[in-house]
Amino acid sequence: TSVFDGLKKRGALTEKHVDEALKEVRLALLEADVSLPVVRDFIDNVRKRAVGQEVLRSVTPGQQVIKIVNDILVDILGASNSPLEIDHSPPAVILLLGLQGSGKTTTAGKLALNLREKQRKKVMLASLDIYRPAAREQLRVLGEQANVLVLPESDGESPVNITKRAMAASKVQGIDVLILDTAGRTTLDDIMMKEANDIFKISQPSETLLVADSMTGQDAVNTAQAFTKMFKLTGVILTRTDGDARGGAALSMRSITGCPIKYIGVSEKLDGLETFHPERAAGRILDMGDVVSLVEKAAETIAEEDAEKMMERLSKGSFDMNDMLKQIGQLKKLGGLSGVMSMLPGIGKLQKQMAANNFDDKVIAKQEAIIYSMTKKERTNVNILNASRRKRIAFGSGSTVHDVNRLVKQQQEMARMMKKVGKVGGVGALKNIFSSNSDNLVHEKLDKSQMPNSIEEMKKLMGNMPKMNNPFNRFGGSGLPGLGGKPTKRIK
């Protein structure tokens, strides 16, 4: 981000400026565990296009360079997302391969839930790991949580025989997708590879997916190369992408193995598996945000009926603590503050200030505790909260009276603002977000040319929005945190 900010400030670019910037980009990629050959190709491709006449003589050369970097990132990550090839005569078999500890079993449960909920498939899970203690029990529990069928255990069976039994059972029970969770080892060895190869020949999978841990960086790429030599991999699932790793494995994996990244694991929860979209991933890497994914996630997690009821209440100016509690619950479903903020453009620049001011999901947890410490009557009418009641609520929620006062003030401001919005018909427009045409709305309104690239641009977009529930007034006034009003002295 700092490299691109430096380029934007220059009125004109020379080859020297581009070379200096690319040197910094090269270091950043190497620190993020991107493979050296990939870094070289990336830098060469960017330089060829960045020192051309179209950039050096452009009105906004800095923006042009960013566009070039974005385009080449998308090329490396894959032109578009690659869906699973499972829409054929059932059962479609998905074979999961990988080393021990890469998250295969957890990923099998996540994938089963994803296919059942989003593609309406009838799924069966089968564990072929007879070596790791409680591996089959773990898959059975995950299957119950995902509400999918799991092949019953049978002691003394070999992985090959379990595969045959799973294939037969899935045909009898009319299963659409059979997910086979193979055994892994701490390192690659001949026994594991032979066993996986036997399973591959018997099952003839529609998809052979390698599950790799993105935290292992360059080692994940070496593992992928070894599996590619033995099997015809159709894709990769990267786990633990929500960790401290900077995504270098994703860039290297796609470029070196040639296998598309199908999914990424974004949390330890069962619903923490997302379809990999190269364009959106490039946007996140360049701190341009991923607003499309955020709106799609909101449409999935917030029920249309609940949204309409909320809008009706808001239009009448009826916004009490129960409504605020529902809003907090919806925010948590979207991944909490950190999950939402990671998808907003320009937020990377504010990360240090946010960390210094303890800006995290604990703020939301504290607000939730305060509301739960209120009685039903107090939640519906905060005007009855006298000094003694506020003191009791603060004691019950483990907070201070100041925290209670601040939350009450926010709720009252929110209620007043929503009443104004209801009078001018603004709430009716908000209902469109949850209409059946929401997908078209997202893709029509949020094309790349309109995506904000800075806090200033975001302010313009957010300027006409009503004041939203803002649990962190430290970061600014109306709208999204840090994007409106005057910041406090602690954040300049």
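Computed from a predicted model, the values in this text were never measured in an experiment.

Caption draft 1: Structural view of the overall build of the protein. In terms of helices and strands, the protein carries 24 helices and eight strands. For the protein, buried positions account for 47% of its 492 residues. In the protein, the proportion of contacts linking residues at least 24 apart, taken out of those at least 6 apart, comes to 71%. Of the roughly 24900 Å² that the protein leaves accessible, carbon and sulfur atoms contribute 51%.

Caption draft 2: Representation of the environment of G283 within the structure. Its place among the elements puts G283 in helix α12 (residues 278–285). Spatially, the C-alpha atom of G283 lies 7.3 Å from that of N70, the residues being 213 residues apart in sequence.

Caption draft 3: Main features of unusual backbone geometry. Cis rather than trans, the peptide bond between P90 and P91 has omega equal to -5°. You can see P91 is positioned in the loop between α5 (61–77) and β1 (92–97). The phi dihedral of A134 is positive, around 65°, even though this residue is not glycine. Structurally, A134 can be placed in the loop between β2 (123–127) and α7 (135–146). A relative accessible area of 53% means that A134 is categorised as exposed.

Caption draft 4: Inspection of the nonpolar core at higher detail. Ranked by size, the top nonpolar core spans 64 residues in total, and within it F42, V46, L178, L180, F227 and L238 carry the most contacts. Ranked by the residues each element gives to this core, the list is headed by α5, at nine residues. The contact partners of F42, leaving out residues within four places of it in the chain, are V25, L29, V69, I72, L73 and I76. The next biggest cluster of nonpolar side chains, apart from the first, holds 24 residues, and it includes A92, A112, L115 and L209.

Caption draft 5: Representation of the packing of helix α15 (residues 321–333) against helix α18 (residues 362–372) within the structure. Here α15 crosses α18 at 150°, and the two axes come no closer than 10 Å. Helix-helix and strand crossings are classified by hand; for α15 and α18 the assignment is left-handed. Touching M321, M324, L325, I328, L331 and K332 of α15 are I364, Q367, E368, I371 and Y372, all from α18. Here the contact of α15 with α18 is composed, by residue class, of eight nonpolar, one polar and two charged.

Caption draft 6: The arrangement of the environment of S252 in detail. Assignment of secondary structure puts S252 in helix α11 (residues 248–257). According to the relative accessible area criterion, S252 is buried, its value standing at 0%. For S252 and L36, which are 216 residues apart along the polypeptide, the C-alpha to C-alpha distance reads 8.9 Å. When near neighbours in sequence (up to four residues on either side) are disregarded, S252 contacts D33, V34, S35, V38, Q218, V221 and T257.

Caption draft 7: Just α7, in detail. For α7, built from twelve residues, the straight-helix expectation of 16 Å at 1.5 Å per residue is met to within 8% by its first-to-last C-alpha distance of 17 Å. Along α7, the positions that sit buried rather than exposed are A135, R136, L139, L142, G143 and A146. Taken around the axis of α7, the buried residues stretch over an arc of 120°, which confines them to a single face. Those residues of α7 that are exposed and aimed more than 90 degrees away from the buried face are E144 and Q145. Looking at the buried positions of α7, the neighbouring elements they touch are α6 (104–118), β2, β3 (149–150), α8 (159–172) and β4 (177–181).

Caption draft 8: Structural view of the pairing of β1. The buried count for β1 comes to six of six residues, which makes it a mostly enclosed element. Because side chains alternate across β1, one face comprises the buried residues A92, I94 and L96, and the other comprises V93, L95 and L97, equally buried. Summarising the sheet, β1 and β4 pair through five bridges and their orientation is parallel. The partner of V93 across the bridge, within β4, is L178. Where β1 and strand β5 (residues 207–213) come together, four bridges link them in parallel fashion.

Caption draft 9: Focus on the packing of α8 against helix α9 (residues 190–203). It is at 9 Å that the axes of α8 and α9 come closest, and there the two elements cross at 20°. With respect to α9, the axis of α8 lies roughly parallel. In this structure, the crossing between α8 and α9 has a hand that is right-handed. Contacts between α8 and α9 involve P159, V160, T163, K164 and M167 from the first element and E195, D198, I199, I202 and S203 from the second.

About the thresholds
- Within any chain, residue numbers begin from 1 and follow the written order of that chain's sequence.
- Selection of residues for local features in this predicted model requires a pLDDT of at least 70, selection of side-chain atom pairs for listing and counting requires 80 or more, and totals for whole chains, interfaces and linings are taken over all residues.
- Working from all heavy atoms in the structure, the side-chain values ignore hydrogens and water.
- Where helices and strands are cited, they refer to DSSP runs of H or I of at least four residues and of E of at least two residues respectively, numbered from the N terminus.
- Exposure is judged per residue with a 1.4 Å probe applied to protein chains only, and the accessible area is read against the type maximum: over 50% gives exposed, under 20% gives buried, and values in between give partly exposed.
- We call two residues contacting when some pair of their heavy atoms lies within 4.5 Å.
- In this description, accessible areas are obtained by the Shrake-Rupley approach with a 1.4 Å probe, and a residue is regarded as covered only by the protein chains that are shown.
- Only buried residues count toward a nonpolar core, which is a set of Ala, Val, Leu, Ile, Met, Phe, Trp, Tyr and Cys residues joined through side-chain atoms within 4.5 Å.
- Where helices are involved, their axes are fitted lines through C-alpha atoms of the stretch in contact, as for all axes, and angles between N-to-C directions lie from 0 to 180°.
- Helix crossings are classified by the rotation of the near helix relative to the far one: an anticlockwise turn of less than a right angle makes the crossing left-handed, while a clockwise turn makes it right-handed.
- Ten residues, namely Ala, Val, Leu, Ile, Met, Phe, Trp, Tyr, Cys and Pro, are considered nonpolar, four, namely Asp, Glu, Lys and Arg, are considered charged, and the remaining ones, Gly among them, are considered polar.
- The length a helix should cover is 1.5 Å for every residue beyond the first.
- Arc, as used here, means the arc of the directions from the helix axis to the C-beta atoms.
- At least two bridges found by DSSP between two strands are what make those strands a pair.
- Here roughly perpendicular refers to angles of 65 to 115 degrees, roughly parallel to angles under 35, roughly antiparallel to angles over 145, and oblique to all remaining angles.

Shape descriptors only; they carry no functional weight alone.
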